[in-house]
Amino acid sequence: MATSEDLLTVTTGEDVLGVPPEPVRGSVALRTLQLLLPAVGAFGVICVAVLVLGADPLLVLGKMISGSLGSQYDVSEVLMVMAPLILCGLAAAVPFSARLWNIGGDGQLYVGAVAAVVVGLNVGKDVPGELLAALCVLAGIAAGACWAIVAGLVKVLVAGNEVIVTLMLNLLAGLAADYVVTGPYAQGVSPQTKTIPSGATFGSFWQTGFNQAIFIAIAVALAVGVFMQRTRAGFGIRASGENLDASRLAGFAVHRLWVGAFGLGGACAGLAGALLVVAVYGAVIPGMGEQYGYTGIAVALVARLRPLLLIPSAALFAVIQVGGSGLSANAGVSPAITYVIQGVIVISFLAFRVLRVRI
Amino acid sequence: MRGVSKRFGDLQALDRVELEVAPGEVLALLGENGAGKTTLMRIAAGLETRDAGSIEVDGREVPLASPHEAIELGISMVHQHFLLVGNLSVAENVVLGSRTNVLPLSKRQVEREVEEVAERIGMRLDASRRIDELSIDERAKAEIVKALYLGARILILDEPTSSLGPKQIEDLLATVTTVAAEGMSVVLVTHRLAEIRDVSSRVVVLRHGKVAAAGATDGFTDDALARAMIGHELPPRAIPLSAAPREAVRLRVAGLVVHDHDRVALDGVSFDVSPGRILGIVGVEGNGQTELVEVLAGLRKADEGRILCDGADVTHLGPDGLHEHGIVTITGDRGRWDVIGTMSIAENLALHRIARRGYRGRGGLISWRSVQEDAQRLAAEFDIRPRRVDARVEQLSGGNQQKVVMARAMALAPRVLVLGHPTRGLDIGARRFIYDQIVRARDEGVAVVLLSFDLEELLEHSDDILVLFRGAISYQASRQDATLETVGNAMTGIGARRAAPAA
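Just so it is clear, the model here is predicted, and its values are computed rather than measured.

## Some points on the overall build of chain B
- Counting its regular elements, chain B contains 17 helices and 20 strands.
- A globule of 503 residues ought to have a C-alpha radius of gyration of about 23 Å, and chain B, at 24 Å, matches this closely.
- The dimensions of chain B, computed from C-alpha atoms along their principal axes, are 70 × 50 × 45 Å.
- For chain B, the proportion of its 503 residues judged to be buried stands at 57%.
- Long-range contacts, defined as pairs at least 24 residues apart, comprise 67% of the intrachain contacts of chain B with a sequence gap of at least 6.
- For chain B, the exposed area adds up to about 20900 Å²; of that, 48% sits on carbon and sulfur atoms.

Shown next as structure tokens:
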């Protein structure tokens, strides 16, 4: 049955990335409207929320922007936060594309961080710094992938619910992180592990938190984007999410794709954890995950599960997170408002997506 | 309904349609798929808004902008795919549809009332049974009883017979006649000419959203109606029998046994299919056809028996392995198995080939350009409309969706084609097109297994006929020897017998 989307149509060809013929979703104007309406709607709701808290919405917005984009330091902070957000967004987006609800980005990030630290501390100082950094990162990727694959196997072999399994695995990963922080690798002074050899950590540009991590994250997002659009496995993952039965009949080994989707998602989250070690902290620190794993879900939903759209989506959430942290001092509202803002944005994007045909 | 118009995008779905139905009258609404029948009726049931036109009930103009309003006006629609909740009882489903906010007095009482309504129209119905447990025809009747119980005065039935056997259709149409005799206005939406003859007094034919013909049913010959539906003369059909020898065996099914939970769904089924021949397998729903398709598609495991393709054992292969042997299946359950509605025509056409590692371009990546080129070629060859291959499949009419499915199957160059109800829910034009393709495949040497509930269609196209009854073969014959009557009897288990060995 035709919908209002047919009112105006544009033909989409193969673009630079070789994106497949995207089902027609209306004209450029209509699409812009679809993006604009949730943004305006979210803005309205947020203004009301801020007013209720007794603050001036425009002031809050202004402080948020100046607190995140106002100086070189702030911008680099945003870029630093963006990297794990992109990667955790991928950790959600890839399995979500197959209708597998991976809520385990948080746990996968922590096991990645733990693995990176364990490798960094044990492999020793004889290894060149760059090699050690690479080993730490690879260990984090492998650990995150394995952690997620557990959930995939439980789903495939015993039809376990992946939401519950990944949530449980988050708790376990948290315990593993506590163990390395307090156990054999404890630094002794502050609650964190010993730091890995400094040769294995990334430097920073502008003497800030901004370094290669963001470029790695963007490169991974591009690679995953190509994977999802232009490989058999990526297409199969998307197809199984749209219609599982039809994908099976077409000859896709759906269970294998599912385990793979979890593995790829977990690898991205594990990479996020490893990068937090080699690019930011040099150690495992309690709370270092900053809820990235959970915010990643929101980032992925706003990006409509498209790996490339994750980049602007992660930028938006990074701006909110960084800009929101200074709000209590600058605008007199609790930084908790950032969670309200994130929540409202997610809900309004989801709501308008559902209502899309009516716009 | 006067001057009703409706536009979807650039498609004029309805163009100033006039339709009226009197109390106690059965009106047949005929038309091809996509002619606007369902849209018109959805407007009447308040499920769709109209762009122009007015609607009068009992001579009074009504806005009719919501389903609630339609129900209050006594307009009730039974959908092609019944809208009943499977794990609730018949009575509970009836109550679910009522608009009373006060919970009814007692379950027992509602059940009794529902059964009384059923009895009034000469139907036996146990209102405490769960919908799941009912057969398809019983569900159709439950829908009618529900409408009656809710005080409907205008009953719309959308393709109610599309998945019923001949006997069940007869039963249902008898019920329709009874209901109409009670003063109910009935609109029967269908594209089957034969069944409207007996029950309808008037007929309205829609074509491309316009009324193409209207008047007393007796005033039209079948040919005239068919002409009105498709807009041109129908050439007489006589599919020549295949000249290919029956002795050459492409696919052999031997002693197939399949259990569905505790039920024996297939009980020792054996048959051979030859290249260049069509084997038609007919049966009333629930007699093992569905399970047979699923086994041949590699979606369900056979408990016993073997399937051989050119001598190679393919019994326990999945869909992927079967494709490798050239066995391609269309299940007939389009929305579930055959298409991905939210993906584009091009993506659906390429689905199997990508699964088989096709369309690899530079760097081993999928080349969407060649996917699109192939899709455009197939869309032209199979006359898929709209021709934009980036349109989502769910936006297409049933006939065009089926063309996509058929085009994809043929593009895979199959050796064995298993077709489950390939024309379910399609109009005459689309049916003929699909059958032309099937016969073409046969003549190119494909071994075709054709399963259908539609006996006449099967008798028209198959070279050999086989009847499934309670999971076993109750009859088999070649097309020349089979008659509508003997096969029909075998389908319902009357005089089940084995005719001269046919395969």
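## Here we look at the overall build of chain A
- Secondary structure summary: chain A contains 14 helices and zero strands in total.
- The helix and strand sequence of chain A, counted from the amino end, reads α-α-α-α-α-α-α-α-α-α-α-α-α-α.
- By the burial criterion, 53% of the 359 residues in chain A qualify as buried.
- Residue pairs in contact within chain A that sit at least 24 positions apart in sequence constitute 73% of those at least 6 positions apart.
- Entry remark: accessible area of chain A is about 14900 Å², with carbon and sulfur atoms responsible for 69%.

## Some words on the pattern of salt bridges
- One pass over the structure, following the stated rule, counts 33 salt bridges over all chains.
- Taken together, the salt bridges that share partners define one network made up of Arg353(B), Asp374(B), Arg377(B), Glu381(B), Arg440(B) and Glu444(B).

## Topic: the sheet that holds strand E10 (residues 210-216) of chain B
Residue and element names in this part refer to chain B.
- Taken in spatial order, the six strands line up as E6-E7-E8-E3-E9-E10 in an open sheet, and their pairing is mixed. At either margin of the open sheet sits one strand with a lone partner, and together these are strand E6 (75-78) and E10. Neighbour-to-neighbour, the strand axes of this sheet turn through a mean angle of 15 degrees, independent of strand direction.
- With respect to the sheet, helix H6 (residues 166-181) is in contact with strand E3 (26-31), strand E7 (154-158) and strand E8 (185-190), its orientation differing from that of E8 by roughly 150 degrees.

## Focus on the sheet that holds strand E12 (residues 263-273) of chain B
Residue and element names in this part refer to chain B.
- The strand order E12-E11-E14-E15 describes an open sheet built from four strands, whose pairing is antiparallel. Two strands in the sheet have a free side with no partner beyond their single neighbour: E12 and strand E15 (312-313).
- Note: strand E14 (residues 304-309) against E15, two bridges, orientation antiparallel. Each bridged residue has a counterpart across the sheet, and for Cys309 the counterpart in E15 is Ala312.
- Across the sheet, helix H9 (residues 289-296) is in contact with strand E11 (251-260), E12 and E14; its angle to E11 comes to roughly 120 degrees.

## With respect to the packing of aromatic side chains
- Scanning all chains against the criterion turns up four aromatic pairs over all chains.
- When the ring of Phe96(A) is compared with that of Trp101(A), the centres are 4.8 Å apart and the planes differ by 75 degrees; the resulting orientation is edge-to-face.
- Given the relative accessible area of 37%, Trp101(A) is considered partly exposed.
- Taking the centre distance of 6.3 Å and the plane angle of 70 degrees together, the rings of Phe382(B) and Phe433(B) count as edge-to-face. Residue Phe382(B) is located in the loop between helix H13 (368-381) and helix H14 (398-411), and its partner Phe433(B) is located in helix H15 (residues 428-443); the two are separated by 51 residues in the primary sequence.
- The structure contains a cluster of three or more aromatic residues connected by ring pairs, namely Phe235(A), Phe252(A) and Trp368(B).
- One cation-aromatic arrangement involves Arg353(B) over Tyr359(B); the distance from NZ or CZ to the ring centre is 4.1 Å.

## Brief notes about unusual backbone geometry
- Cis geometry marks the peptide bond from Arg385(B) to Pro386(B); its omega dihedral reads 0 degrees.
- Positive phi is not limited to glycine here, since Glu290(A) has a value of about 50 degrees.
- Positionally, Glu290(A) belongs in the loop between helix H10 (254-281) and helix H11 (292-302).
- With phi around 50 degrees, Asp310(B) is a residue other than glycine that occupies positive phi space.

## What about the environment of Ser462(B)?
Residues and elements named next belong to chain B.
- Along the chain, Ser462 falls in the loop between helix H16 (455-461) and strand E19 (464-469).
- Taking the C-alpha atoms as reference points, Ser462 and Arg16, separated by 446 residues in sequence, lie 42 Å from one another.
- Setting aside its immediate chain neighbours within four residues, Ser462 contacts Leu241, Ile278, Gly280, Leu450 and Arg479.
- At 2.8 Å, the side chain of Ser462 forms a polar contact with the backbone oxygen of Leu458.

## Let's talk about a nonpolar patch on the surface
Residues and elements named next belong to chain A.
- A surface patch of nonpolar side chains, amounting to about 460 Å² of accessible area, comprises Phe43, Leu58, Leu61, Ile65 and Leu69.
- Top element by residues in the nonpolar patch is helix H2 (residues 57-69). It accounts for four residues.
- Its location among the elements puts Leu69 in helix H2.

## Some points on the pairing of strand E4 (residues 52-57) of chain B
Residue and element names in this part refer to chain B.
- In terms of strand pairing, E4 meets strand E5 (residues 60-62) through three bridges, oriented antiparallel. Paired with Val57 across the two strands is Arg60, which belongs to E5.
- Here E4 folds back onto E5 in antiparallel fashion, the turn holding two residues, of which Asp58 has a positive phi close to 55 degrees.

## Notes on H13(B)
- Over its 14 residues, H13(B) extends 20 Å from the first C-alpha to the last, a length consistent with the 20 Å expected when each residue adds 1.5 Å.
- Asp383(B), located one to two residues past H13(B), shows a positive phi value of around 55 degrees.

## Quick word on the side chain of Arg334(B)
Residues and elements named next belong to chain B.
- Residue placement: Arg334 occurs in helix H11 (residues 334-338).
- In terms of polar contacts, Arg334 uses its side chain to reach the side chain of Gln402, at 2.8 Å.
- Excluding its chain neighbours within four sequence positions, the residues that come into contact with Arg334 are Val339, Gly398, Gln401, Gln402, Arg424 and Leu426.

## A closer look at the confidence of the model for chain B
Residues and elements named next belong to chain B.
- Of all residues in chain B, 93% attain a pLDDT of 70 or more, and the chain-wide mean is 84.
- Note that residues 496-503 has pLDDT below 50 and, in this model, 18 contacts with residues that lie over four places away or in other chains.
- The ipTM value of the predicted complex is 0.82, and its pTM value is 0.76.

## Quick notes on the nonpolar core
Residue and element names in this part refer to chain B.
- Membership of the largest hydrophobic core comes to 161 residues, with the highest contact counts inside it found for Leu417 and Val487.
- Excluding its chain neighbours within four sequence positions, the residues that come into contact with Val487 are Val282, Leu455, Leu459, Ile465, Val467, Tyr475 and Ala482.
- Judged by nonpolar contacts, the second largest core, of 37 residues, contains Leu148, Ile169, Leu173 and Val199.

How each quantity is defined
Residues numbered from 1 in each chain as written. Chains lettered and ligands numbered in written order. Predicted model: local features only at pLDDT ≥ 70, side-chain atom pairs only at ≥ 80, totals over all residues. Heavy atoms only, no water. Helix = DSSP H or I, 4+ residues; strand = E, 2+ residues; numbered from the N terminus. Rg over C-alpha atoms; globule rule 2.2 N^0.38 Å. Buried < 20%, exposed > 50% of the residue type's maximum accessible area, 1.4 Å probe, protein only. Contact = heavy atoms within 4.5 Å. Areas by Shrake-Rupley, 256 points an atom, 1.4 Å probe, with all protein chains shown as cover. Salt bridge = Lys/Arg side-chain N within 4 Å of Asp/Glu carboxyl O. Pairing = 2+ DSSP bridges. Axes fitted to C-alpha atoms, helices over the stretch in contact; angles between N-to-C directions. Phe/Tyr/Trp six-rings, centres within 6.5 Å; stacked < 30°, edge-to-face > 60°. Lys NZ or Arg CZ within 6 Å of the ring centre and 35° of its normal. Polar contact = N/O pair within 3.5 Å; in protein donor to acceptor, adjacent residues only side chain to side chain. Patch = residues over 30% accessible without salt bridge, like charges linked within 9 Å, V, L, I, M, F, W, Y side chains within 5 Å. Expected span 1.5 Å × (residues − 1). pLDDT = per-residue confidence, 0-100. Core = buried A, V, L, I, M, F, W, Y, C linked by side-chain atoms within 4.5 Å.

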